Amino acid sequence: MEEAEKELERRSKFLNSLIQQKKKAAIESEHEHESSLKVDVRACDMPLPLQNRAFQCARLYLESMPPANKLDSKRLALALKKEFDSSYGPAWHCIVGTSFGSYVTHSVGGFLYFSIDKVYILLFKTAVEPLDH
Amino acid sequence: MLEGKAVIGETDMLQTMQQDATDLASKALDFFDVTEAIEIARFIKKEFDRMHGPGWQCM
């Protein structure tokens, strides 16, 4: 009986150590991935929750992309623009690229220019005026 | 004046405005070095705001 208990305890410890190792490995790989997709805010006039939403959205897109694939800038821009239009109302504009200059007029609290993993993203909001009929 | 023909990719703009845009781009490249992207964008945007009313964006 005592032998069986000892064996169970030994197995339990072994399984626990395996679980701990797996957790540790998962955390390390997560940190590695995060550092490989480092966000750098270049210019900003936007509340923090909205900034984080933009980073999260860009990260998700870049992470879901197969490593060998070339970045589809247009699709990332579309994803961010649609996300912000639906969450925070029209009209958001998004430019994604590795080399561009810009000069824009934006609504108060609606401007973010950041880089993530060598990709530069400009996201800004403009007021929408109804068309005169 | 800069030599070379402007190529229009996609447009939804009056012909006259398109002409203004290409003329201003050409003018901007006379004033600024091709690497000064922000200055070129600023110049075109400001001129369009002045000529056609506020709210223009330029990349």
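Residues numbered from 1 in each chain as written. Chains lettered and ligands numbered in written order. Predicted model: local features only at pLDDT ≥ 70, side-chain atom pairs only at ≥ 80, totals over all residues. Heavy atoms only, no water.

Chain B is annotated in an unreviewed UniProt entry as Dynein light chain from Glycine max. Recorded in UniProt for chain B, the comment headed Sequence similarities (unreviewed entry) runs: "Belongs to the dynein light chain family." (UniProt positions renumbered as here; feature names shortened; annotations may be inferred.)

An unreviewed UniProt entry annotates chain A as Dynein light chain originating from Glycine soja. The UniProt entry for chain A carries the following text under Subcellular location (unreviewed entry): "Cytoplasm, Cytoskeleton". Taken from UniProt, the Sequence similarities (unreviewed entry) comment for chain A reads in full: "Belongs to the dynein light chain family."

Each helix and strand in chain B was counted, giving two helices and zero strands. In terms of overall dimensions, chain B is globule-like: its C-alpha atoms have a radius of gyration of 11 Å, near the 10 Å expected for 59 residues. Classification of the 59 residues of chain B by burial places 25% in the buried group. Of all intrachain contacts in chain B linking residues separated by at least 6 positions in sequence, the fraction that spans at least 24 positions is 37%. Within the structure as shown, chain B displays about 4300 Å² of accessible surface, and the carbon and sulfur contribution to it stands at 57%. Between the averaged position of the 6 positive side-chain charges in chain B and that of its 11 negative side-chain charges there is a distance of 6 Å. (Helix = DSSP H or I, 4+ residues; strand = E, 2+ residues; numbered from the N terminus. Rg over C-alpha atoms; globule rule 2.2 N^0.38 Å. Buried < 20%, exposed > 50% of the residue type's maximum accessible area, 1.4 Å probe, protein only. Contact = heavy atoms within 4.5 Å. Areas by Shrake-Rupley, 256 points an atom, 1.4 Å probe, with all protein chains shown as cover. Lys, Arg positive; Asp, Glu negative; His and termini not counted. Charge placed at Lys NZ, Arg CZ, Asp CG, Glu CD.)

A word on the nonpolar core. Residue and element names in this part refer to chain A. Counting 22 residues, the largest nonpolar core has Leu76, Leu80, Phe84, Phe114 and Ile121 as the members making the most contacts within it. Ranked by residue count, the leading element in this core is helix α2 (residues 48-64), at seven residues. Ignoring sequence-local partners within four residues, the contact set of isoleucine 121 consists of Ala58, Leu76, Leu80, Cys94, Ile95, Val96, Leu112, Tyr113, Phe114 and Ile116. (Core = buried A, V, L, I, M, F, W, Y, C linked by side-chain atoms within 4.5 Å.)

Counted according to the given criterion, the structure contains six salt bridges over all chains. Residue lysine 81 of chain A pairs with aspartate 85 of chain A through a salt bridge whose shortest N-O separation is 2.4 Å. Of this pair, lysine 81 of chain A and aspartate 85 of chain A are both found in helix α3 (residues 73-88), four residues apart, which corresponds to roughly one turn of the helix. For arginine 50 of chain B, the salt bridge is made with glutamate 47 of chain B, and the minimal N-O distance between the two is 2.6 Å. (Salt bridge = Lys/Arg side-chain N within 4 Å of Asp/Glu carboxyl O.)

Attention now goes to unusual backbone geometry. Cis peptide bonds are those with omega within 30 degrees of zero, and the linkage from proline 90 of chain A to alanine 91 of chain A qualifies with 0 degrees. Within the fold, alanine 91 of chain A resides in the loop between α3 and β2 (92-97).

Let's shift gears to the interface of chain B and chain A. Each side of the interface is counted separately: chain B has 12 residues, and chain A has 10 residues. Here chain B meets chain A over a buried area of about 860 Å², counting both sides, of which 62% is carbon and sulfur. A per-residue breakdown of the area chain B buries against chain A is headed by Lys45, Gln57 and Met59 of chain B, which together make up 57% of the total. Counting every contact that joins chain B to chain A gives zero salt bridges. Viewed at the interface, chain A and chain B are joined by three residue pairs in polar contact (both at pLDDT 80 or more). (Buried area = accessible area lost by both parts, 1.4 Å probe. Polar contact = N/O pair within 3.5 Å; in protein donor to acceptor, adjacent residues only side chain to side chain.)

Turning our eyes to something else, we now look at the confidence of the model for chain A. With 89% of its residues at a pLDDT of 70 or more, chain A shows a mean pLDDT of 84. Taken element by element, chain A is modelled with least confidence in helix α1 (residues 2-36) of chain A, mean pLDDT 71, and with most confidence in β2 of chain A, mean pLDDT 96. (pLDDT = per-residue confidence, 0-100.)

Attention shifts here to the pairing of strand β4 (residues 119-125) of chain A. Two faces, one strand: in a regular strand the side chains alternate between the faces of the sheet. Residue and element names in this part refer to chain A. The element β4 is extensively covered by neighbouring structure, given that five of its seven residues are classed as buried. Pairing between β2 and β4: six bridges, direction antiparallel. Residue tryptophan 92 lies in a different strand from β4, and its bridge partner there is lysine 125. Bridge count for strand β3 (residues 111-116) against β4 is six bridges, and the pairing is antiparallel. Within β4, the residue paired with phenylalanine 114 across the bridge is isoleucine 121. Counted along the chain from β3 to the antiparallel partner β4, the turn is two residues long, and its residue aspartate 117 has a positive phi close to 50 degrees. (Pairing = 2+ DSSP bridges.)

All names here are of chain B. Helix α2 (residues 37-52) packs onto helix α1 (residues 15-31) with a crossing angle of 140 degrees between their chain directions and a minimal axis gap of 9 Å. By the angle class used here, α1 and α2 are oblique. Crossing hand, α1 versus α2: right-handed. The segment α1 lies against α2, with Met17, Asp20, Ala21, Leu24, Ala25, Lys27, Ala28, Leu29 and Phe31 engaging Ile40, Phe43, Ile44, Glu47, Phe48, Met51 and His52. In the contact of α1 with α2, the residues fall into 12 nonpolar, one polar and three charged. (Axes fitted to C-alpha atoms, helices over the stretch in contact; angles between N-to-C directions. Parallel < 35°, antiparallel > 145°, perpendicular 65-115°, else oblique. Left-handed = near helix turned anticlockwise from the far one by under 90°. Nonpolar A, V, L, I, M, F, W, Y, C, P; charged D, E, K, R; others polar.)

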